[in-house]
Amino acid sequence: MHDTTALLVELGAVILGLGLIGRVAGRIGLSPIPLYLLAGLAFGHGGLIPLDASEEFTMVGAEIGVILLLLLLGLEYSASELVTSLKTQYPSGAVDFVLNATPGAVAALILGWGPVGAVALAGVTWISSSGVIAKVMTDLGRLGNRETPVILGVLVMEDLAMAVYLPLLTAMLAGVSLAGGSLALVIALGTVGFVLYLALRHGRLISRAVSSDNPEMLLLVVLGLTVLVAGVAQQLQVSAAVGAFLVGIALSGEVAEGARKLLTPLRDLFAAVFFVFFGLSTNPADIPPVLLPAAVLAVVTVLTKIATGWYAARRAGIGSRGRWRAGGTLVARGEFSIVIAGLAVATEPRIGPLATAYVLILVIVGPLTARWTQPLAEKIQAMRGVKPGGGAVVETPPKAAPERRLGDHDELTPEHAGEARGD
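The rules behind the values
- Numbers given to residues run from 1 along each chain, matching the order in which its sequence is written.
- With pLDDT at 70 or above as the cut-off, local features in this predicted model cover only qualifying residues; side-chain atom pairs require 80 or more to be listed or tallied, and sums for whole chains, interfaces and linings still use all residues.
- The basis for the side-chain values is all heavy atoms of the structure; hydrogens and waters are excluded.
- Runs of E in the DSSP output that reach at least two residues are strands. Runs of H or I that reach at least four are helices, and both are numbered from the N terminus.
- Each residue's exposure class comes from its accessible area (1.4 Å probe, protein chains only) as a fraction of the maximum for that residue type: buried when under 20%, exposed when over 50%, partly exposed otherwise.
- The contact criterion used is simple: two residues touch if any of their non-hydrogen atoms lie within 4.5 Å.
- Using a 1.4 Å probe, accessible areas were evaluated by the Shrake-Rupley method; residue-level cover was limited to the displayed protein chains.
- Patch membership needs two things, relative accessible area over 30% and no salt bridge, and members are linked within 9 Å if like-charged or within 5 Å if nonpolar (Val, Leu, Ile, Met, Phe, Trp, Tyr).
- The rule for a salt bridge is simple: a side-chain nitrogen of Lys or Arg has to be within 4 Å of a carboxyl oxygen of Asp or Glu.
- Only the stretch in contact is used when a helix axis is fitted, and all axes are lines through C-alpha atoms; the angle between N-to-C directions ranges over 0 to 180 degrees.
- Note that the term roughly parallel is reserved for angles under 35 degrees, roughly antiparallel for angles over 145, roughly perpendicular for angles of 65 to 115, and oblique for everything else.
- Crossing handedness: left-handed means the near helix sits turned counterclockwise from the far one by under a right angle, and right-handed means the same turn made clockwise.
- Here the nonpolar group is Ala, Val, Leu, Ile, Met, Phe, Trp, Tyr, Cys and Pro; Asp, Glu, Lys and Arg are the charged ones; every other residue, Gly included, is treated as polar.
- Residues are called lining when one of their atoms sits within 4 Å of a cavity or pocket point, these points coming from a 1 Å grid over the protein atoms alone, where a cavity is a set in which a 1.4 Å probe fits but cannot get out and a pocket is an open set with protein on both sides within 12 Å along at least five of seven lines.
- Grid points are joined across faces, edges and corners, and a volume is the space filled by probe spheres set on the points.
- Take the buried Ala, Val, Leu, Ile, Met, Phe, Trp, Tyr and Cys residues and link them wherever side-chain atoms come within 4.5 Å; each set so joined is a nonpolar core.

Colleague: For the overall build of the protein chain, give the residues involved together with the corresponding values.
Modeller: Of the regular secondary structure elements, the protein chain holds 17 helices and 0 strands. Every one of the 423 residues in the protein chain was classed for burial, and the buried ones make up 47%. Counted over contacts in the protein chain with a minimum sequence separation of 6, partners at least 24 positions apart contribute 80%. Carbon and sulfur atoms make up 68% of the accessible area of the protein chain, which amounts to about 20,000 Å² in all.

Structure (structure tokens):
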């Protein structure tokens, strides 16, 4: 009884605190994610008042938060849109890997961690946080922006790449034979391919089976199906986030719209728990010794991620403003980086504190770059005498009626197509 009482008190205090923090963030026009993380850091292991009774519940809630974030993101797009995005964005995925995995690998080799450490830290710096980015785009109201499918394409390619990367890293860490590593890889790829096939070929049947006029039944079926698929995917060495995302794209029409309305409040609650748990699991005393190398690595990979997003959006014909928004949005690292570091820490203990400090920096900086990269880039361009669209600033006489510029959510019409490409 005493344990239950302590759990309720701690859990109630955490949820109430999250609500107050969210209100403060809203008043100052800031995403609440950095404040959630700092609150978790203050009350985690080595913090001011450790929250022991609710730790296990918070850990489970954090897993559910990531799953719901990716499910709701998947509900925004159809399977055909996903495939189109993957077909058009695969060069961007290659650029993303080269630009962002290389700094981590080089840093590990400089620190003397060897090939396994290099592969592990390369993954830490390569993979953006789908959970953080999904929450940031929601907070900033950008899910309908023209650059959002580009961001989604890069994130999905990263998530799917984990189906190849994680089994290979696990095999390297365990020192298993080539045959054992190959078997794990085949299982992972087969799982991803099967689930994606179901989403593409039988998405309507799945939506019809899940559909219900009763909101309670729809909520239970969609949530249960998502958690089940995520758990099976993780058991087969595939990311639970990938499984949840694929469930989202498998649902369409009225089912997707109804599920989105029902699950949005749950997503917001458990997503906040996820970010707090990330802070709770970090000991503040481990951060100062590795803060300098983590900060240097963070600065380098902020620039490489912005370059990745800019390149990917440019290939898709997005204008200058959308390119900078795409680059700034991709900066945050999070759940995957921590998973990779957790796998590697037994072989290379020094990777744990460095990865924690690195992710903590970028998970705080990421929402800020998502918001401010585009305005800052435009100010720099204005100082250099360049229009946001890329041309030189030229004085022109005033016109009787100003030209109409397309907004982020305007539909493209033939007469505006060229204008939109130069937004």
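Having seen it, we continue.
Colleague: Can you tell me about a nonpolar patch on the surface, naming the residues and giving the values?
Modeller: Together, Leu183, Ile187, Leu228, Val232 and Leu236 line one region of the surface with nonpolar side chains, adding up to about 430 Å² of accessible area. Looking at the nonpolar patch, the elements with two or more residues in it are helix H8 (178-201) and helix H10 (215-235). Topologically, Val232 is positioned in helix H10.

Colleague: How would you summarise the packing of helix H6 (residues 130-139) against helix H12 (residues 253-280) if you had to cite specific residues and measurements?
Modeller: Orientation of H6 relative to H12, taken along the N-to-C sense of each, is 130°, at an axis distance of 11 Å. One way to sum up the angle between H6 and H12 is to call them oblique. Crossing handedness for the pair H6 and H12: left-handed. Facing H6, whose interface residues are Gly131, Val132, Lys135 and Thr138, H12 presents Arg267, Ala271 and Phe275. Residue composition of the contact of H6 with H12, by class: 3 nonpolar, 2 polar and 2 charged.

Colleague: So what's going on with empty space enclosed by the protein? Which residues, and what values?
Modeller: What the rule picks out here adds up to 3 cavities of 30 Å³ or more. The volume enclosed by the largest cavity comes to roughly 50 Å³. For the largest cavity, the full set of lining residues is Leu69, Leu72, Leu73, Glu76, Ala134, Lys135, Thr138, Leu143 and Arg267. Broken down by secondary-structure element, the contributors of at least two residues to the lining of the largest cavity are helix H3 (55-74) and H6. The residue inventory of the lining of the largest cavity, partitioned by class, reads 5 nonpolar, 1 polar and 3 charged.

Colleague: Describe the environment of Pro215, naming the residues involved and giving the relevant values.
Modeller: Along the chain, Pro215 turns up in helix H10. With relative accessibility at 47%, the residue Pro215 sits in the partly exposed group. On a C-alpha basis, the gap between Pro215 and Lys261 in space is 9.8 Å, while along the polypeptide they are 46 residues apart.

Colleague: Give me the pattern of salt bridges: which residues, what numbers.
Modeller: Applying the stated rule across the entire model yields 7 salt bridges. Across the pair Lys305 and Asp96 runs a salt bridge, and its minimum N-O distance is 2.8 Å. Residue Lys305 is found in helix H13 (residues 291-315), and its partner Asp96 is found in helix H4 (residues 79-110); the two are separated by 209 residues along the sequence. Accessibility assignment for this pair places Lys305 and Asp96 in one class, buried. For Asp268, the salt bridge is made with Arg267, and the minimal N-O distance between the two is 3.1 Å. Salt bridges here are not isolated pairs; linked through shared partners, they connect Asp96, Glu158 and Lys305.

Colleague: So, the nonpolar core: which residues are in play, and what are the values?
Modeller: In this structure, Leu70, Leu121, Met162, Phe245, Phe275, Ile340 and Tyr358 are the most contacted members of the largest nonpolar core, which totals 89 residues. For this core, the leading source of residues is helix H7 (residues 148-174), giving 12 residues. Here Tyr358 is in contact with Val124, Thr125, Ala294, Leu297, Ala298, Thr301 and Arg333, once residues within four sequence places are set aside. Counting 14 residues, the second-largest nonpolar core is a separate cluster that includes Leu75, Val210, Val247 and Phe270.

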